[in-house]
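Observations on the three-dimensional arrangement
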Amino acid sequence: MHPIETNRSLDERSLSDIISANLHSPRLRSLETVKSSESLEGLISPSIRSSVGTPRDRHNFEPHPMIGDAWDALRRSLVFFRNKPVGTIAAMDPTEDSLNYNQVFVRDFVPSALAFLMNGEPEIVKNFLLKTLRLQAIEKRIDCFTLGEGVMPASFKVLHDPLRKTDTMIADFGESAIGRVAPVDSGFWWIILLRAYVKSTGDHSLADMPDCQRGMRLILTLCLSDGFDTFPTLLCADGCCMIDRRMGIYGYPIEIQSLFFMALRSAKSLLKPEGEGKEFLERIDKRLQALSYHIREYFWLDHTQLNNIYRYKTEEYSHTAVNKFNVIPDSIPHWIFDFLPMNGGYFIGNVSPARMDFRWFAIGNCMAILSSLATPDQASAIMDLFEERWEELVGDMPLKVSYPALEGHEWEIVTGCDPKNTRWSYHNAGSWPVILWMLTAACIKTGRPQIARRAIEQVEQRLSKDGWPEYYDGKAGRYIGKQARKFQTWSIAGYLVAKMMLEDPSHLGLIGLEEDKKMKPALTRSASWTA
Ligand code: GLC
């Protein structure tokens with residue numbers, strides 16, 4: 001594949017705003033104690049891309065040896081359909097039973113796609129977007145039930161017939177997945193990736209194609225349709241996203257809400273206002289307003305807000321209720337009182353009637369920063385939390401997917417005794433190197449690159465030596481996961497994306513959205529918002 005010249009004119013204004021805002025933020029100046037060669041000057045240097053797989057280091061230092069290994073491994077993971085690359089396989093571990101890890105997962109391909117885009121190789125991303133769009137059009141049935149038209153696959157497999165010399169593609173929309181749950185995140189990632197492709201190449205022709213416009217509208221139809229909802233958040237089954245097994249995230253999980261918000265904002269920039277597009281754009285605007293208000297207001301937790309909840313009265317009736325969801329203060333788990341520092345805050349895992357899931361989830365919080373669902377003050381408070389609770393959230397291996405672990409009886413009830421999700425393992429507070437790219441992007445967006453550097457240094461101690469595992473176990477993430485696959489592609493690609501973004505922060509434009517000033521919340525409630 002030949003890299004092509006990328007056009008980033010679309011990004012320039014917004015990014016220079018972000019970067020210059022970060023340069024002038026008092027927080028950044030006080031925290032920026034890194035050597036001059038690593039300072040923010042470097043962060044705004046022009047991008048350097050390489051014509052071969054491994055990008056050169058901008059300081060003319062030897063690039064970290066892991067970078068070359070990672071590119072080799074990423075290229076080995078390519079999946080071809082009729083001789084064209086269409087994605088990357090989830091894992092290339094020869095020692096483990098492949099189960100469905102020999103497939104291209106939509107969510108897993110995102111960091112691979114970003115790595116290729118950042119390296120000036122958009123072709124595979126285009127092929128992937130077009131192929132998955134074709135798969136979306138298939139009629140999807142589970143037993144006698146037909147799924148919504150817009151559902152995007154969780155994953156697909158390419159079967160090569162060497163005799164007939166034919167390739168066939170088989171998609172899984174959840175009907176073969178463990179637990180039989182449809183991936184709500186896939187459609188959102190698809191739209192987000194389409195925007196990244198347009199941003200990276202400057203080529204609007206793909207997104208403007210009637211089929212792509214229709215594909216987007218179908219995804220949006222699934223989540224913007226009228227129903228019995230009283231909240232603008234999206235009601236989901238357990239296991240419908242990266243956490244794809246029962247983990248008590250049913251309801252309104254923050255990961256989905258952040259991706260929903262980002263997909264709506266991305267679609268807003270891609271949908272053409274003609275024909276049906278116009279109506280969708282109006283619905284998107286309304287939903288974005290309501291969604292941002294709801295999440296910023298009811299999912300946000302910091303010291304002041306926790307104290308408010310702790311003192312909540314219950315059984316309040318009418319519009320003037322303070323405790324709107326009738327959360328009983330006795331249901332607040334004990335750990336949160338010690339965990340929550342005076343500085344810092346985060347969006348909690350879930351909010352629904354009489355239920356607040358106080359667990360911290362990495363993807364939802366990082367994506368809330370990247371999409372600007374988090375206000376600048378909230379984004380900054382989330383970064384404060386990372387610093388204050390480094391041992392707990394990052395430990396030896398970035399990054400805990402959730403915190404803390406469910407244990408004992410709670411684990412039995414919530415996970416249904418899932419032996420893969422035992423405490424401090426896998427989705428139950430295991431550590432997932434892939435999330436490094438989201439952390440790094442969030443760090444750059446909030447002007448805190450030193451946090452990303454610290455995390456990347458930790459990854460570089462072990463990840464390649466350990467064979468790029470899928471996840472780590474233990475409170476500090478010190479042990480290679482019990483059932484972790486090796487050569488997990490998104491662990492590899494996530495590292496590359498983190499490195500490339502830190503080297504050239506203008507890449508942030510592919511995946512970061514500027515704050516929409518019209519969506520400012522009316523309320524300022526707590527210390528960390530207004531600090
Ligand atoms: C596991 C993860 C899921 C991922 C898949 C392939 O099922 O939970 O998020 O997409 O593996 O890597």
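Residues numbered from 1 in each chain as written. Predicted model: local features only at pLDDT ≥ 70, side-chain atom pairs only at ≥ 80, totals over all residues. Heavy atoms only, no water.

**What about the overall build of the protein chain?**
Of regular secondary structure, the protein chain possesses 21 helices and 13 strands. When each of the 531 residues of the protein chain is scored for burial, the buried share is 60%. Put simply, of all contacts in the protein chain between residues at least 6 apart along the chain, 72% involve residues at least 24 apart. Total accessible area on the protein chain stands at roughly 22400 Å², and carbon and sulfur atoms take up 53% of it. (Helix = DSSP H or I, 4+ residues; strand = E, 2+ residues; numbered from the N terminus. Buried < 20%, exposed > 50% of the residue type's maximum accessible area, 1.4 Å probe, protein only. Contact = heavy atoms within 4.5 Å. Areas by Shrake-Rupley, 256 points an atom, 1.4 Å probe, with all protein chains shown as cover.)

**Examining the sheet that holds strand S7 (residues 166-172)**
Strand order in the open sheet made by the three strands is S3-S6-S7, with antiparallel pairing throughout. The open sheet has two free edges, formed respectively by strand S3 (104-105) and S7, since each of these has just one partner strand. As paired strands, strand S6 (residues 155-161) and S7 are joined by seven bridges and run antiparallel to one another. Its bridge partner being in S7, Ser155 is matched across the sheet by Asp172. (Pairing = 2+ DSSP bridges.)

**Things to note about the site of the ligand**
The full set of residues close to the ligand is Ala90, Tyr101, Phe105, Arg107, Asp108, Met242, Asp244, Tyr426, His427, Glu470, Gln488 and Trp490. Contact between the ligand and Gln488: an oxygen atom at 2.9 Å from a side-chain N or O atom of the residue. Out of a free accessible area of 310 Å², the ligand has 95% covered by protein chains. The cavity that encloses the ligand is the largest cavity. Taken together, the residues of the shell around the ligand break down into six nonpolar, two polar and four charged. (Near = heavy atom within 4 Å. Polar contact = N/O pair within 3.5 Å; in protein donor to acceptor, adjacent residues only side chain to side chain. 1 Å grid on protein atoms, 1.4 Å probe; cavity = no way out; pocket = protein on both sides within 12 Å on 5 of 7 lines; lining within 4 Å. Sits in = over half its atoms within 2 Å of the grid points. Nonpolar A, V, L, I, M, F, W, Y, C, P; charged D, E, K, R; others polar.)

**Describing the pattern of salt bridges**
Scanning the entire structure with this criterion turns up 17 salt bridges. For Glu149, the salt bridge identified is with Arg214, shortest N-O distance 3.2 Å. With a gap of 65 residues between them, Glu149 in the loop between strand S5 (145-146) and S6 and Arg214 in helix H9 (residues 210-224) connect regions that are remote in the sequence. With a relative accessible area of 40%, Arg214 lands in the partly exposed category. (Salt bridge = Lys/Arg side-chain N within 4 Å of Asp/Glu carboxyl O.)

**A short note on the packing of helix H5 (residues 106-118) against helix H7 (residues 184-201)**
Axis separation between H5 and H7 bottoms out at 10 Å; the angle between their running directions is 5°. On the basis of their axis angle, the class for H5 and H7 is roughly parallel. Residue-level inspection shows Val106, Arg107, Phe109, Val110, Ala113, Leu114 and Leu117 of H5 in contact with H7, the latter providing Asp185, Ser186, Trp189, Leu193, Ala196, Tyr197 and Ser200. Taken together, the residues that form the contact of H5 with H7 break down as ten nonpolar, two polar and two charged. (Axes fitted to C-alpha atoms, helices over the stretch in contact; angles between N-to-C directions. Parallel < 35°, antiparallel > 145°, perpendicular 65-115°, else oblique.)

**Quick look at the side chain of Thr201**
Relative to the helices and strands, Thr201 is located in helix H7. A distance of 2.8 Å separates a polar side-chain atom of Thr201 from the backbone oxygen of Tyr197.

**Some points on the packing of aromatic side chains**
Overall, the coordinates contain 22 aromatic pairs when judged by the stated rule. Of the aromatic side chains, those joined through ring pairs into one cluster are Phe231, Tyr252, Tyr293, Tyr298 and Phe325. Taking NZ or CZ as reference, Arg355 lies 4.4 Å from the ring centre of Tyr250, over its face. The residue whose ring lies beneath Arg454 is Trp390, and the NZ or CZ to ring-centre distance is 4.0 Å. (Phe/Tyr/Trp six-rings, centres within 6.5 Å; stacked < 30°, edge-to-face > 60°. Lys NZ or Arg CZ within 6 Å of the ring centre and 35° of its normal.)

**Some points on empty space enclosed by the protein**
Tallying each qualifying case throughout the model produces five cavities of 30 Å³ or more. Roughly 360 Å³ of internal volume is contained in the largest cavity. Lining the largest cavity are 28 residues, with Asn100, Phe105, Arg107, Asp244 and Tyr426 positioned closest to its centre. Tallied by class, the residues present in the lining of the largest cavity amount to 16 nonpolar, five polar and seven charged. (Points joined across faces, edges and corners; volume = space filled by probe spheres on them.)

**Considering the packing of helix H10 (residues 254-270) against helix H14 (residues 362-370)**
Packing of H10 against H14 brings their axes to within 7 Å, and their N-to-C directions diverge by 20°. Between H10 and H14, the interaxial angle falls into the category roughly parallel. In terms of crossing hand, the pair formed by H10 and H14 is left-handed. The residues of H14 that touch H10, namely those facing Ile254, Glu255, Ser258, Leu259 and Met262, are Ile363, Gly364, Met367, Ala368 and Leu370. Grouping the amino acids of the contact of H10 with H14 by side-chain chemistry returns seven nonpolar, two polar and one charged. (Left-handed = near helix turned anticlockwise from the far one by under 90°.)

**Overview of the side chain of Asp466**
Considering the arrangement of structural elements, one finds Asp466 in the loop between helix H19 (449-462) and strand S12 (472-473). A distance of 2.7 Å separates the side chain of Asp466 from the side chain of Tyr472, its partner in a polar contact. Not counting chain neighbours up to four residues away, the residues in contact with Asp466 comprise Tyr472, Ile480 and Lys486.

**What about the nonpolar core?**
Counting residues in each nonpolar core, the largest one holds 170 residues, and the members touching the most others are Trp190, Tyr346, Phe358, Phe386 and Trp437. For Phe386, the contacting residues outside a window of four places in its chain are Trp360, Cys366, Leu393, Val394, Leu399 and Leu439. (Core = buried A, V, L, I, M, F, W, Y, C linked by side-chain atoms within 4.5 Å.)

**Concerning unusual backbone geometry**
The omega torsion of the bond from Pro398 to Leu399 falls at 10°, within 30 degrees of zero and hence cis. A cis amide bond links Tyr403 to the next residue, Pro404, at an omega of -10°. The backbone of Lys165 shows a phi angle near 55°, a positive value even though the residue is not glycine. With respect to the element layout, Lys165 can be found in the loop between S6 and S7. Although it is not a glycine, Ala429 sits at a positive phi angle of roughly 70°. For Ala429, the location among the structural elements is in the loop between helix H17 (408-415) and helix H18 (436-445).

**Topic: the environment of Glu407**
Here Glu407 is to be found in the loop between strand S11 (402-403) and H17. Judged by its relative accessible area of 33%, Glu407 falls in the partly exposed class. Spatially, the C-alpha atoms of Glu407 and Asn421 are 9.9 Å apart, while their sequence positions differ by 14 residues. Setting aside residues no more than four positions away along its own chain, Glu407 makes contact with Arg423 and Trp424. Side-chain polar atoms of Glu407 contact the side chain of Arg423, separated by 2.7 Å.

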